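One letter stands for each residue in the lines below.
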Amino acid sequence: MSPPRLLRFTFFQRAVHWVVGVTFVVLLLTGLAFSYPSLFWLTTLIGGGPAARVLHPQIGAVFAIGLLFMFVLWVRDMFLDAPDRQWLGAIKHYAAHEHDKVPPAGKYNAGQKLFFWVQSLLGVVFVATGLLLWFPESFGPGLLNTMRLLHYAAALSGGLLLILHVYLGTVAYPGTARGMIDGKVTTAWARLHHPRWSGERVEH
Amino acid sequence: MPDTLAIKRISATPSALIPLESLRSGGPVYSKLVDISKCIGCKGCEVACKEWNDLKVEQTANFGSMQSHKDLSSNTWLLMRFNEVEVGDDLQWLIKKDACLHCEEPGCLFACPAPGAIVQYQNGIVDFNQDQCIGCQNCVSGCPFDIPRFDKSTKTVAKCNMCIDRVEVGLEPACVKTCPTNAIQWGIKEDMLALAEKKVETMKRRGYEHAALYNPGGVGGTHMMYVVPHGDRLEDYSLPAHPVASPAPLHGLSVLRRVGSYLLGFGVVSALAHFLAVGPESPEDEAWEPKP
Ligand code: HEM
Ligand code: SF4
Ligand code: SF4
């Protein structure tokens, strides 16, 4: 008998998440190739340097649209409430798995909510700066160089967050990834990581 | 026969920052010297450039100037700019030979992310290899002289290559060869510097008190230098007064690159460290929820 499972993400939510996830990884890899000569070979993954230069902004457009959908779909669950603020204070205990000392999380814990907000903000920076870099003919060198800096700084922050996000979503908390694959998580998983959400689910 | 095609820098490789030195270094270093006071505005050099480099002809139209084209393009690597400027009571053409200056410290090369797309030779020539170019146009914003031009059809960038295929066999560039007044001269850079000094002297004696050599230090000097009659009016010649090879943002980018690799490395290491120290947490862990 498989254990009872709760629906965490609808098909549409999962599809949007993976459009964003896959495009972001490709963007990150090609972007790193443009930034680090030693990683230039990564452009081979999508057909070589010229192809990467053409595809990077186009994939960026898909990423931006995906991110917009994600924002609209998820934003109402992402506002921080009082327990969330206490959760942030107890983040050390969260990392150490000391459950009794961590205020219970709702559908998303405060870290996930912040991740959502920061990625959305970075998305705006990516799109604004990326659009200028896409059509460099129309702008002066000073502006472009500044945009390049901002684009790059955003990419690095996003990259760091992505590493942590992937680690937490896969290896650190077994059972989490299922929620993004077939959409369902076990009740035990929900009670452990998102007690307030599992409570709501059980009661309603 | 001296070796003129020894390589000095290759874009997006360590040699971009630390120039290559080898047994092949130490050959001749060339420069063009453009004496603007001698230019009669015939544009023979423009034609010679098109001809030698087999560049497509572009339709021109009168736009109220003696200038042939409005701007450089991927098919027009040389343009005599006819800047109409009032000097005293006179209207003068402050002509500028607009083309790549072949900087000693080339901002285009520093900015280029594609290995081998831009190469600088020991002889001073900076050349683009279109077959390695990815068309990002970083070189355009890296160049302090606004020289490289993007070609929409080939999605690569082009500019003057100093007729490298002529220089390589001991010939002068086509524009030099064609100039009827010797306004453009060609030779070993040191000789050209000495010549420029003499020309500046002469001009000063003839009343051009601000006559000057244009060989800007901000880009380490150039391999196309100008003798400018009105050295106090560089902007009127469309010559930037203080061009810099690696503008602050590019430096910023390299700092950020360093920070970035540490940051991403930190992400991976801390995830690994957490995994090893604390490990995963799963609802199946008995420690968490002992069955009643
Ligand atoms: C390709 C690598 C990625 C993997 C493996 C991955 C995995 C996951 C998983 C398993 C969840 C579910 C978490 C839960 O149920 O609580 C999730 C949620 C989420 N993902 Fe991703 N994801 C990836 C990329 C991205 C990217 C690039 C973004 C945004 C730019 C993103 C944004 C989000 C957001 C906002 C959530 C909901 C809040 C959260 O869980 O933090 N993901 N992801
Ligand atoms: S003038 Fe511009 S294109 Fe020519 S070498 Fe200098 S930076 Fe490069
Ligand atoms: S457009 Fe070509 S030559 Fe210019 S920086 Fe990009 S890859 Fe290098």
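Values in this document were obtained by computation on a predicted structure and should not be read as measured data. (Residues numbered from 1 in each chain as written. Chains lettered and ligands numbered in written order. Predicted model: local features only at pLDDT ≥ 70, side-chain atom pairs only at ≥ 80, totals over all residues. Heavy atoms only, no water.)

**Q** Before we move on, can you summarise the environment of W52 of chain B with the specific residues and values?
**A** All names here are of chain B. Structurally, W52 is set in helix α1 (residues 44-53). Look past the residues within four positions of W52 in its chain and what remains in contact with it is C163, D165, R166 and A174. Reaching out from W52, the side chain makes a polar contact with the side chain of D165 at a distance of 3.2 Å. (Helix = DSSP H or I, 4+ residues; strand = E, 2+ residues; numbered from the N terminus. Contact = heavy atoms within 4.5 Å. Polar contact = N/O pair within 3.5 Å; in protein donor to acceptor, adjacent residues only side chain to side chain.)

**Q** Give me the lowdown on the site of ligand 2, citing residues and values where you can.
**A** Among the 13 residues in the neighbourhood of ligand 2, the closest are listed as C100, L101, C103, C108 and C143 of chain B. Looking at side-chain class alone, the shell around ligand 2 contains 10 nonpolar, 2 polar and 1 charged residues. (Near = heavy atom within 4 Å. Nonpolar A, V, L, I, M, F, W, Y, C, P; charged D, E, K, R; others polar.)

**Q** Quick rundown of the site of ligand 1? Include the residues and the values.
**A** Residues and elements named next belong to chain A. Lining the immediate environment of ligand 1, one finds 23 residues, of which R8, H17, M70, Q112 and H165 sit closest. Contacts to ligand 1 include H165, whose side-chain N or O atom sits 2.7 Å from a nitrogen atom. Here the shell around ligand 1 gets 6 residues from one element, more than from any other, and that element is helix α1 (residues 11-35). Along the lines of polarity and charge, the residues of the shell around ligand 1 split into 15 nonpolar, 7 polar and 1 charged.

**Q** Can you tell me about the pattern of salt bridges, naming the residues and giving the values?
**A** Residues and elements named next belong to chain B. Following the criterion strictly, the structure yields 17 salt bridges over all chains and no others. Residue K199 is joined to D35 by a salt bridge in which the shortest nitrogen-to-oxygen separation is 3.0 Å. Of this pair, K199 sits in helix α6 (residues 189-205) while D35 sits in strand β2 (residues 30-35), and the two are 164 residues apart along the sequence. Each member of the salt-bridge network shares a partner with another, and the members are D71, R81, K96, D98, D146 and R149. (Salt bridge = Lys/Arg side-chain N within 4 Å of Asp/Glu carboxyl O.)

**Q** Tell me about the interface of chain A and chain B, residues and numbers included.
**A** Opposite the 39 residues of chain A that make contact, chain B presents 40 residues. Summed over both partners, the interface of chain A with chain B comes to about 3500 Å²; 69% of that surface belongs to carbon and sulfur atoms. Applying the counting criterion to the chain A and chain B interface returns 1 salt bridge. In this structure, K152 of chain B and E137 of chain A form a salt bridge, with 3.8 Å as the shortest nitrogen-oxygen distance. Run the count over chain A and chain B and you get 13 residue pairs in polar contact (both at pLDDT 80 or more). (Buried area = accessible area lost by both parts, 1.4 Å probe.)

**Q** Outline the coordination of the iron atom of ligand 1, supporting the account with residue identities and numerical values.
**A** Residue and element names in this part refer to chain A. Protein ligation of the iron atom of ligand 1 involves H17 (NE2) and H165 (NE2), the donor distances falling in the range 1.9 to 2.0 Å. Because the angles between the 6 donor atoms bound to the iron atom of ligand 1 fall within 83 to 180°, the donor set is best described as octahedral. Of this pair, H17 sits in helix α1 while H165 sits in helix α6 (residues 141-172), and the two are 148 residues apart along the sequence. Overall, the relative accessible area of 12% leaves H17 in the buried class. (Donors = N, O, S within 2.8 Å, 3.2 Å for Na, K, Ca; no water. Tetrahedral: all angles 85-135°; square planar, octahedral: opposite > 155°, others 65-115°. Buried < 20%, exposed > 50% of the residue type's maximum accessible area, 1.4 Å probe, protein only.)

**Q** Can you explain helix α5 (residues 110-134) of chain A? Please cite residues and give values.
**A** Helical geometry: 3.6 residues make up each α-helical turn, so side chains three or four residues apart lie on a common side. Counted at 1.5 Å a residue, the expected span for α5 of chain A with its 25 residues is 36 Å, and the 35 Å between its end C-alpha atoms agrees. The residue sitting at the N-terminus of α5 of chain A and contributing the capping side-chain oxygen is N109 of chain A; that oxygen lies 3.0 Å from the backbone nitrogen of G111 of chain A. (Expected span 1.5 Å × (residues − 1).)

**Q** Tell me about the sheet that holds strand β6 (residues 126-128) of chain B, and please be specific about residues and values.
**A** Residue and element names in this part refer to chain B. Ordered by their spatial adjacency, 3 strands build an open sheet running β1-β5-β6, and the pairing between neighbours is antiparallel. Both outer strands of the open sheet, β1 (7-10) and β6, are each paired with one neighbouring strand and no more. Here the strands of the sheet are splayed against their neighbours by 25° on average, with no regard to which way each runs. Bridge count for β1 against strand β5 (residues 118-121) is 3 bridges, and the pairing is antiparallel. Paired with R9 across the bridge in β5 is Q120. (Pairing = 2+ DSSP bridges. Axes fitted to C-alpha atoms, helices over the stretch in contact; angles between N-to-C directions.)

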